[in-house]
Amino acid sequence: MDVMDDRRPEEAALAAGLADDLDAHFEALLLAHQDRLFTIALRTSGDRHDAEELVQDAFVRAYRALAGWPPDRIRELRLRGWLTTILLNAGRNRARVHRVPTTELAFEPGAEPAADPLARSDERETWARLLAELTPAHRTAVVLRHVDGLSYAEIAEAVGRPEGTVKAHVHRGLAALRVAWLAEIAHEREEVPA
């Protein structure tokens, strides 16, 4: 193990467990990461069914990879970023074969309850549409940073791009969302009769 292991303790423990007995600990890996991966898949693909299939595909690929690796390599894994990379690659492969519609994307910009559930639903739909209109690179970077909470270094590793490029994608994606949101608000004000 590295002299300085900056992984979360539970991630290092899970990697060690997988190295010792893959079959006994794989369910723990699945339970620890399935919701997070589903959220990423849903936000980047836009379709629930495709997101479910992408997550399943990612876990199958992860299991097959781990089954062929030596224990020392598994112990050193940064599971969070590694699984994210597998998921994103599976999504890219799927996108090459068939384009995924982005109309079902659900984006919840905050966890606070709204006074009016219908207004909150409309807001979620608006955010989903605006997020879906971003370029795939910007959408992926924004989702990984602001929905999943990955660091810039983790995102760079997951998408295979330099950290500076990732920062630029997040910044440009957020700027585009901000501009689109303000245009949406202005458009709504124009539609409301005085």
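Residues numbered from 1 in each chain as written. Predicted model: local features only at pLDDT ≥ 70, side-chain atom pairs only at ≥ 80, totals over all residues. Heavy atoms only, no water.

Chemist: Outline the packing of helix α2 (residues 22–45) against helix α7 (residues 136–147), supporting the account with residue identities and numerical values.
Modeler: The N-to-C vectors of α2 and α7 enclose an angle of 145°; their axes lie 9 Å apart at closest approach. Here α2 runs over α7; the crossing is right-handed. Here Thr39, Ile40, Arg43 and Thr44 of α2 lie close against α7, whose contacting residues are Arg139, Thr140, Val143, Leu144 and Val147. Across the contact of α2 with α7, the residue classes tally to four nonpolar, three polar and two charged. (Axes fitted to C-alpha atoms, helices over the stretch in contact; angles between N-to-C directions. Helix = DSSP H or I, 4+ residues; strand = E, 2+ residues; numbered from the N terminus. Left-handed = near helix turned anticlockwise from the far one by under 90°. Contact = heavy atoms within 4.5 Å. Nonpolar A, V, L, I, M, F, W, Y, C, P; charged D, E, K, R; others polar.)

Chemist: With reference to specific residues and values, describe the packing of aromatic side chains.
Modeler: Enumeration over the complete set of coordinates arrives at three aromatic pairs. Ring centres 6.2 Å apart and planes at 85° place the aromatic pair Phe26 and Phe59 in the edge-to-face group. Placement of Phe26 in helix α2 and of Phe59 in helix α3 (residues 48–67) is noted, with a sequence separation of 33 residues between them. Overall, Phe26 belongs to the buried group, its relative accessible area being 12%. Among the residues examined, Phe59 registers a relative accessible area of 5% and is labelled buried. (Phe/Tyr/Trp six-rings, centres within 6.5 Å; stacked < 30°, edge-to-face > 60°. Buried < 20%, exposed > 50% of the residue type's maximum accessible area, 1.4 Å probe, protein only.)

Chemist: Would you mind going over the pattern of salt bridges in detail, with residue names and values included?
Modeler: Under the definition given, this model contains eight salt bridges. Of the charged contacts, one joins Asp57 and Arg61 as a salt bridge, the two residues approaching to 3.1 Å between their closest N and O atoms. Within this pair, Asp57 and its partner Arg61 are both found in helix α3, separated by four residues, close to a single helical turn. By relative accessible area, which is 32% here, Arg61 ends up partly exposed. Across the pair Glu133 and Arg129 runs a salt bridge whose closest N-O atoms are separated by 3.7 Å. A relative accessible area of 36% means that Arg129 is categorised as partly exposed. Here the residues in one salt-bridge network are Asp20, Asp72 and Arg75, joined through shared partners. (Salt bridge = Lys/Arg side-chain N within 4 Å of Asp/Glu carboxyl O.)

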